[in-house]
Amino acid sequence: MNQYIKPILGAVAALALYSCGSKPAQQTPTTQVPTQDEKPTGELAELLEEIDIQDLGNDIQVFTTKIGNDPNKHNLTISFPITKESYINEAEAAFSQKFIDEFKQEAQRLGDSATAAIDYNQHFEVVYPQVGAQTFLYTRSISNGNNYDDQLFVRIYDTERKTRLNPIDLFSSPEAFTAFSKEAKKLAQEAVRKCLKSSKSFANEQEREQAWMNLQEQIEDGLQPTNENYDGLYFASNERWYLLLDKYQIASGDLGSFEIEVPEEMIVPYLDKRLSTALLLAAAPIIEGETHSAMIEETLSPEEGKAPRVALTFDDGPSVYTEKLLDILLKEEVKATFFVIGKSAAVQSKTIQRMGAEGHIIGNHSYDHKNFAKISLEEAQHQIELTDRIIEQALNQKPPYFRFPYGAYTQDKLALIKRPVIGWNVDPLDWKYKDAERVAAEMCKAKDGAIILGHDIHKTTVEAIPQVIRTLKSKGYRFVSLDELFKGKNIKPNKVYTSGK
Ligand code: NI
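A. Just the nonpolar core, in detail. Counting residues in hydrophobic clusters, the biggest one holds 71 residues, and the most contacted among them are Phe80, Ile82, Leu312, Leu329, Phe338 and Ile465. The element that contributes the greatest number of residues to this core is helix H3 (residues 86-110), accounting for eight residues. In this structure Leu312 touches Leu329, Val334, Ala336, Thr337, Ile452, Ile465, Phe479 and Val480, once residues within four positions along its chain are discounted. Membership of the second largest hydrophobic core comes to 46 residues, among which are Ala188, Trp212, Leu271 and Leu279.

B. Here's a closer look at the pairing of strand E13 (residues 337-340). Where burial is concerned, the two faces of E13 agree: the one with Thr337 and Phe339 and the one with Phe338 and Val340 are both buried. Where strand E12 (residues 309-317) meets E13, four bridges bridge the pair, whose relative direction is parallel. From the neighbouring strand, Gly317 faces E13, where its bridge partner is Val340. As a crossover connection, the stretch from E12 through helix H9 (residues 322-332) into E13 is right-handed. Note: E13 against strand E14 (residues 361-364), four bridges, orientation parallel.

C. Quick look at the sheet that holds strand E6 (residues 148-158). Spatial ordering of the open sheet is given by E2-E3-E4-E5-E6-E7, a layout of six strands whose pairing is mixed. The sheet terminates laterally at strand E2 (61-67) and strand E7 (163-165), the two strands that pair on one side only. Adjacent strand axes in the sheet meet at a mean angle of 25° when their direction is disregarded.

D. Up close: the coordination of the nickel ion. Within the protein, Asp316 (OD), His365 (NE2) and His369 (NE2) serve as the donor atoms for the nickel ion, at 2.1 Å. Donor residues binding the nickel ion come from one chain and are separated in sequence as D-x48-H-x3-H. Residue Asp316 is located in strand E12, and its partner His365 is located in the loop between E14 and helix H12 (377-395); the two are separated by 49 residues in the primary sequence. Summarising the burial analysis for this pair, Asp316 and His365 share the class buried.

E. Representation of helix H2 (residues 42-49) within the structure. Restricting attention to buried positions, one finds in H2 the residues Leu44, Ala45 and Leu48. Along the axis of H2, the buried residues cluster in a sector spanning 105°; they form a single face. Exposed residues lying more than 90 degrees from the buried face of H2 are Glu46 and Glu49. The elements touched by buried residues of H2 are E2, strand E3 (75-82) and H3.

F. The arrangement of the pattern of salt bridges in detail. The final tally for this structure, using the stated rule, is 29 salt bridges. The partner of Lys350 in a salt bridge is Asp59, and the shortest N-O contact between them spans 3.2 Å. Taken together, the positions of Lys350 in helix H11 (residues 349-357) and Asp59 in the loop between H2 and E2 put the pair 291 residues apart, joining distant regions of the chain. In this structure Lys350 comes out as partly exposed when scored by relative accessible area, which is 44%. Its relative accessible area of 30% is what places Asp59 among the partly exposed residues.

G. Spotlight on the sheet that holds strand E8 (residues 233-235). Strands sit in the order E8-E9-E10 across an open sheet of three strands; the sheet is antiparallel. Edge positions in the sheet fall to E8 and strand E10 (258-262), since each has one partner strand and no second. Sheet twist, expressed as the average angle between the axes of neighbouring strands with direction ignored, equals 25°. Alignment of E8 against strand E9 (residues 241-245), held across three bridges, turns out to be antiparallel. Bridge pairing links Leu233 to Leu243 in E9.

H. Representation of the packing of H9 against H11. Axis separation between H9 and H11 bottoms out at 11 Å; the angle between their running directions is 15°. As the angle between them shows, H9 and H11 are arranged roughly parallel. Crossing geometry of H9 relative to H11 is assigned as left-handed. Residues Thr322, Glu323, Leu326, Asp327 and Leu330 of H9 pack against Thr351, Arg354 and Met355 of H11.

Rules behind the numbers
- Residues numbered from 1 in each chain as written.
- Predicted model: local features only at pLDDT ≥ 70, side-chain atom pairs only at ≥ 80, totals over all residues.
- Heavy atoms only, no water.
- Core = buried A, V, L, I, M, F, W, Y, C linked by side-chain atoms within 4.5 Å.
- Buried < 20%, exposed > 50% of the residue type's maximum accessible area, 1.4 Å probe, protein only.
- Helix = DSSP H or I, 4+ residues; strand = E, 2+ residues; numbered from the N terminus.
- Contact = heavy atoms within 4.5 Å.
- Pairing = 2+ DSSP bridges.
- Right-handed = clockwise from strand over helix to strand, strands pointing away.
- Axes fitted to C-alpha atoms, helices over the stretch in contact; angles between N-to-C directions.
- Donors = N, O, S within 2.8 Å, 3.2 Å for Na, K, Ca; no water.
- Arc of directions from axis to C-beta.
- Salt bridge = Lys/Arg side-chain N within 4 Å of Asp/Glu carboxyl O.
- Parallel < 35°, antiparallel > 145°, perpendicular 65-115°, else oblique.
- Left-handed = near helix turned anticlockwise from the far one by under 90°.

Here it is, written out as structure tokens:
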């Protein structure tokens, strides 16, 4: 059955998290918008070199890396796109490296004794299809202990001229940008006004009016025609213009961030003509090939039925290394389970379909890898549902298992899951020791019924797998998916399982 993979992310779905009202005030994140891209430096530059972009074709893949994986310590998880264009990859890596550097500085400043561990998180969506442009929508989330503060960044490339566009480049002249900013200010005022109107935190109308007056200067500043103020302006998959305004940009933190739809007639007259008539036009919708259903029933010989079993599970993908891992698993005839991140699954839907077609199980590992012990019930629910929808769209099947990011949860979050929750009992700490030999040796310590944890975002983990398969097979082990590991076990929803024993 042919089906359209709709650009479900883009404006609407992803931004359901952002609305006026309700969120408690928090510290302002320190992140600054880089005005110039450089070549990547540091760790990402090295990792980029390992990726062969010739292999990617026109597909965009996800590069993910992390620091830390203990919910009680400082953690960072970041993703950025890998395309067939190295100028894009390098600029996105440089943009991401700055965020990593900020995290490292902050973690160092706080030290290990910090009572509140920080968590830095960066994930992206792809806005498509566009003829001559490539747009990425980033969310950066910072937690200084409790909730997360989100910041949004739109990064647009002119793929004809092979250059990144700053917000000002979208306009026909600096004067046009200034003229547009006046229109945008009116829209922002309307949005804030509406938000204050519906707010229940005022004792009387006079207080409400005072709050409105107090915000005028902030709105004025927040809509000045600078690249930083307009780094949330983009043409979405639904062919409408949006302006995303960060929390604190035009109002106090308790009003949250704003997503403002910009009517076409209000922006088009000011835009650069080439961009608005050619580049940002929607390309033909992407038609995906067959979707496959996974179930491959194996008949086992009596000896095989008795053999000790282990389940390989891979978290935090799909990533730029996942296809390679699938090649290995296919060759070795091994079935595994992938706990995927919704945001990355949306970018690499073809990889998800391949996993399904080749008999692997796909589990839900949240939308963007936030620590579930730190987010609200409402956001947790949103993370689970959005990821379910993305996987269902690729596979026609809801993910049967869930795994919490960092394995961190609270009882009220566990009650939301409505399916078995999967932990692990073999952890090679592959995010820490990026050494294939060491990772393989640790994974090979698995006993009958083990659930082995790995991350298909690390090249070294993928490189360890052939040796793990060879060694454990030679000891008589069979590699099974979680479905098979739990077959006949009657496992229950909202319960955590760390092995098949
Ligand atoms: Ni994870």
